[in-house]
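# Observations on the model geometry
The residues making up each chain are set out below.
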Amino acid sequence: MEVEIFGWAMPLSWFLLLAAVILYFVYDTWCHTYWRRKGVVSESAWPVIGCMREFSKGIPQVFTNMGKRHGKVYGFYSFYDPVLVITEPDMLRDIMVKNFGNFHSRVRFPLTNKEFIEGVGTLEGERWKEVRNLLTPTFSGSKMKLMSSLVNDSADNLLKNIGKEQNDKGYMECRKLFGAFVMDTIGSCAFGLNIDSQGRPNDPFVTHAQRAFRIDQNSPIFVISAMFPSIGRLLAECGYGFVPRDVVQFFCDVTLKAVALRKQTVGAVKKKLVDFLQLMLNAQSPSSEVDQLPADEKDDEDDIHADIERHHNMEYHAKKYAQRIQLSDTELIGQAMTFFTAGYETTNTLLGFVFYLLSTHPEIQEKLIEEVDEMTPSRDSVGYTSIATMPYLDQVVCETLRLYPPAAVTNRMCHETFTYKDLTIEKGVQVFIPIYNIQRDGDYWADPDKFDPSRFSKANREKHHPFAWIPFGAGPRNCIGMRFALMEAKMAIARVLQKYRFETCSQTEIPLKLGNNGFLAPPDGVTLRAVARKDAVF
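Residues numbered from 1 in each chain as written. Predicted model: local features only at pLDDT ≥ 70, side-chain atom pairs only at ≥ 80, totals over all residues. Heavy atoms only, no water.

## Topic: the state of the cysteines
As enumerated under the stated definition, the model contains zero disulfides in all. Residue Cys-505 stays outside any disulfide, its sulfur separated by 9.3 Å from that of Cys-174, the closest cysteine. Look at Cys-505 and you get buried, because its relative accessible area is 11%. (Disulfide = S-S within 2.5 Å. Buried < 20%, exposed > 50% of the residue type's maximum accessible area, 1.4 Å probe, protein only.)

Below you can see the structure in the form of structure tokens.
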């Protein structure tokens, strides 16, 4: 059978193929001219893949290049989906705080493991708010004080292992040692587990947590899931996700065993438990009393995070609940998975960067050691309260997070059409926020690539826009574990500097090669020399 078009005869099969090609070309052109129709400057798109070819260069570099070409606000295409990139702090404050209701969730990639979907980081809507409010008391200042002794216990082993590795090899690999310390701390403070990752080389807790963040953006499954979200969601349901199946199963098994042990705990011992796991288990019991924090749960006036949180509408998260919500088993596992994996990667990465910068800036290291010796002269003097009174330690950590935020980018999904000045963001559009690039923007930071802790002194801090420094995200959806991560990192820094100075060595990579998949952890790690202090105060 033939079809005649403009005097030309062709087989019906050829005609249908030609029609399909034309229709697909029209569809592709329509999708990839979205930003042009909206009057927004954007990156040029390739057929089918949109702008994703650029991302092979690494996420921080891609946003640096596109920002130079297009400015503070611009569009690009994730295959066929329009994405708006924003690096303008005033606009970010409107989106992430003032109009949070329009952007109350993060973009969920179709290949997200089903176990993680129930975690507080990916839950959406009213259920997210309920779970977030339930978990918030775990991270109050008073809870951190109770947990700080457990952090100190883990730091004891960290100091021993730094000395051992330095003596055995002549250098230390930060990712290995700090990773084991962080995993032990999470295990004890969040789940009451004595993991002892530091005492066992190649501990499965650490190796599994490391693998959780090895995301290959060039893998066929990743690309197919991005192009065809329905296929990605189906693969996730079948067990194929970002995180390998055996890693997910390992942490699921650990969580269920911890739950079983905790349920066997009774009496006065159980009443004293204040950790993450117990709070979640309380939420599974319909007979539990409604949570109401006692008066001593109020944060101190000198709380180290008060200044950060006052910009981010933390009042959104209630500290008292009108009714009891119950966590399902899958939700409980989701929270535990998030805590084990995300908590491990971010703090471990931060500690590696801190000691790398101190090693390459010895004058700053000496100034910090002076404060450590003065403010925390002994092991037992290191705790949540003492680190809250160490301004230079805070400056060093904040400046490290500015230069090297563990996550280079965050995002939001627009749920209700929103207008900012003459720009309209339509429902369903993704908003990307390149944290790394904002925090190194010369318009917001003088000499932005220089390591200068004095930027965060009391006198200088107010000179910077609060939304030009957002390593933990911003607004009510910021990182729920921020307080815990900062306490853990600062206590580790203080304890380690009581005993050691750090130097670069022949194995140190200068400059560091950064991760390019959205997490900045150096793929080759951070290798330094630890020198025992002869002038240690104890």
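## Notes on the nonpolar core
Of all hydrophobic cores here, the largest spans 146 residues; its most connected members are Phe-191, Phe-340, Phe-355, Ile-425 and Phe-502. Residue contributions to this core peak at 15 residues, all from helix H16 (residues 329–360). Not counting the four nearest positions on each side in its chain, Ile-425 is found in contact with Leu-84, Ile-86, Met-91, Ile-95, Phe-103, Cys-414, Glu-416, Thr-417, Phe-418 and Val-431. (Core = buried A, V, L, I, M, F, W, Y, C linked by side-chain atoms within 4.5 Å. Helix = DSSP H or I, 4+ residues; strand = E, 2+ residues; numbered from the N terminus. Contact = heavy atoms within 4.5 Å.)

## Things to note about unusual backbone geometry
Cis geometry is found at the peptide bond from Ile-510 to Pro-511, where omega equals -5°. With respect to the helices and strands, the residue Pro-511 is situated in the loop between strand E10 (500–503) and strand E11 (527–532). For Asp-196, which is not glycine, the phi dihedral falls at a positive 55°. Judged by relative accessible area, which is 32%, Asp-196 ranks as partly exposed. Located in the positive-phi region is Asp-447, a residue other than glycine, with phi close to 50°.

## Concerning helix H3 (residues 59–70)
End to end, H3 covers 16 Å across 12 residues, agreeing with the expected 16 Å (1.5 Å per residue, within 8%). Residues of H3 that are buried include every one of Ile-59, Pro-60, Val-62, Phe-63, Asn-65, Met-66 and His-70, and no others. Tucked inside the fold, the buried residues of H3 contact strand E3 (73–78), strand E4 (81–86), strand E9 (430–433) and helix H20 (435–438). (Expected span 1.5 Å × (residues − 1).)

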